[in-house]
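If you want the building blocks of each chain, they are given just below.
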Amino acid sequence: MGRRALVFDIAVAGVLAVLLGVSSAGLVSDSPWPTAGRVAVLVAIGLSHAAVAARRVAPVAAYGVCCAAMLVIVAAPDLTDGTGAAPPILLPSSMVFPVLLYAVAAYGRRPWPLVGLGVGLVGAAVTTVRVWTFDWTANGPTPTLQLFVPAALLAIVLAAWGLGRFRAARTAYREAEIATLEERAVRAEERRAERAEQAAAAERARIAREMHDVVAHSLAVIVRQADGGRFAAATDPEKAAEVLGVIATTGRQALTDMRAVLGVLRSSSSASADGPTPTVDDLPALVSRVAAAGTPVTLTTTGEPGALDTAASLAAYRVVQEALTNVVRHAATGAAARVHLTWTDDGLDVAITDDGATPSDEPVEGNGLIGMRERVTAVGGRLTAGPDGGGFAVRAFVPGSPA
C-alpha cells in the first residue's frame, strides 16, 4: 500500500464516522436500553468505523472486525428493556458493512472473497430474522416490510461483493497488461542490443579483412624495397639510403593503420583480402556508379586535399558508400543526394545529404549507421546522422595523417 492510499482510507473512515457514527451514537445514547447494551453497541460502532481505515491494508482483518461489530449490533435487541425501541441494526453505522464487504472482495486473496460473500449472506439472513421477530410494541412489520427487508439486504450484499470482484478483475487485467508490456519492452531491448552486437561484430570482421589488405600491402612494399636495397648497398649507397627511407615510412604507416584498426577488434579474423582497398580518391567512381543506377548524385570538394592514413581514407570511402546505399534503399523515389568533401588542416569533413523524406517506420539507428560510426571511431574520428529538413544527413570527420 502506498502512503497516499492509506491516508485516503483514513480520511474516508473519518468522513463516515462524522456522517454516520455521530448520529448513530446519539440515537444509542438517547435510547432506553440498559447501560451494558448501550456501551456494547457504541463500542461496536467505533470498531466498525475504525475498520474502514484498514480496508486495503488488511481487508480480511477489517472485514472480520466489522462482522463482529455487526453481530453485536444485531444481538443488541435482546438487551432492551421491552419498551419497543427500534432494533440497532437500523442504525446509520450499519452501512459500513457493505464498504468492508466490497474491500474484502476487491483486495482479499482467495478464498477470502468467497468466504466474505458467504458471511454476508448469513448476516443478511440473521438480520432479517431479527427484524421480523423484534418486539415493535405497537405493530409488527407489515408483509410489505417483511418482503422488503430480505430483498434489500440481499441486493446490498450482492452489489457490494459484485463491485468488489469487478474491481479485482480490472486490477488483475491491468497488472497482466502492464507485465506483458514490460516483457515486450525487455524483449525489444534485448533484440536491439543483439542486432547492435551482431552489426558491430560483422563490422569488426570487415575491418579485420581490410586490415589484412593494409598490412599485406605495406609488408609487400617493405620486402620488395629490402630486396632491392641489398643489391643497391653494394653498388649505390645513396640509392640504398633512399630505399631504407621508403622502408621506414612504409613501416610506420603500417603500424599506424594497425593500431587504428586493432583498437576496436575484440577477436581475430583470418579472412583473406577481398581486393584493393578503396580510398577517398575512388569516390568519383563510386558517385558515378550510384548516379548510373538512377539516383542523382553530385560530388563537390572544398579546400586543398591533404594526406590521410589508409584506414582513415578507407573509413571516409565506406561512410559515403553506406550513406548513398541508404539513400537508394530508404529515400523517397526521385530523391537526389549530395556528397561534399571539406579538407581542413586537421583532416577531412564528409557530408552526405538527400532531399527524400525517410519513411516513418524506418529506424533512425540501423545496422549500417552502427557500422559507420564504429569504423569512423576506430580511426579517431566522429560521425553524426539524423533527419535534416526534408531528408537525411550523415556527417563524419576523419583525422589527417600527422606531419
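Quick caveat: nothing in here was measured; it's all calculated off a predicted structure.

Student: For this particular structure, what's the right way to read the nonpolar core?
Tutor: The nonpolar side chains of soluble globular proteins are, as a tendency, buried together. Core analysis: the largest hydrophobic core is formed by 35 residues, its most contacted members being Leu324, Leu348, Ile352 and Val394. Put simply, the parts of the chain that give this core at least two residues each are helix H8 (283-292), helix H9 (310-330), strand S2 (337-343), strand S3 (347-354), helix H10 (367-378) and strand S5 (391-399). Among the elements that line this core, the one with the most residues is H9, at ten residues. Counting residues in hydrophobic clusters, the runner-up holds 29 residues, among them Ala13, Ala44, Val96 and Val157.

Student: Mind showing me how you'd approach the side chain of His49 here?
Tutor: In this structure, His49 sits in helix H2 (residues 35-52). Owing to a relative accessible area of 5%, His49 belongs among the buried residues under this scheme. Among all residues touching His49, those that are not within four sequence positions of it are Ala13, Leu16, Ala17, Leu20, Gly21, Ser93 and Val96.

Student: How should unusual backbone geometry be read in this particular structure?
Tutor: The phi angle of most residues is negative, glycine excepted, and most peptide bonds adopt the trans form. Note the cis peptide between Arg110 and Pro111, where omega equals 5 degrees. In this structure, Pro111 sits in the loop between helix H4 (96-107) and helix H5 (112-133).

Student: Explain the confidence of the model for the protein chain here, please?
Tutor: Low pLDDT marks regions whose predicted coordinates should not be analysed in detail. For the protein chain, the mean per-residue pLDDT works out to 77, and 76% of the residues sit at or above 70. Here helix H7 (residues 237-262) stands out as the element of the protein chain with the lowest mean pLDDT, 70, in contrast to S2, whose mean of 94 is the highest. Low confidence marks residues 78-84, where pLDDT is under 50. Its contacts with residues over four positions away, or in another chain, come to 16 contacts. Residue range residues 266-275 is modelled with pLDDT below 50. Its contacts to residues more than four positions away, or to other chains, number twelve contacts.

Definitions and cut-offs
- Residues numbered from 1 in each chain as written.
- Predicted model: local features only at pLDDT ≥ 70, side-chain atom pairs only at ≥ 80, totals over all residues.
- Heavy atoms only, no water.
- Core = buried A, V, L, I, M, F, W, Y, C linked by side-chain atoms within 4.5 Å.
- Buried < 20%, exposed > 50% of the residue type's maximum accessible area, 1.4 Å probe, protein only.
- Helix = DSSP H or I, 4+ residues; strand = E, 2+ residues; numbered from the N terminus.
- Contact = heavy atoms within 4.5 Å.
- pLDDT = per-residue confidence, 0-100.

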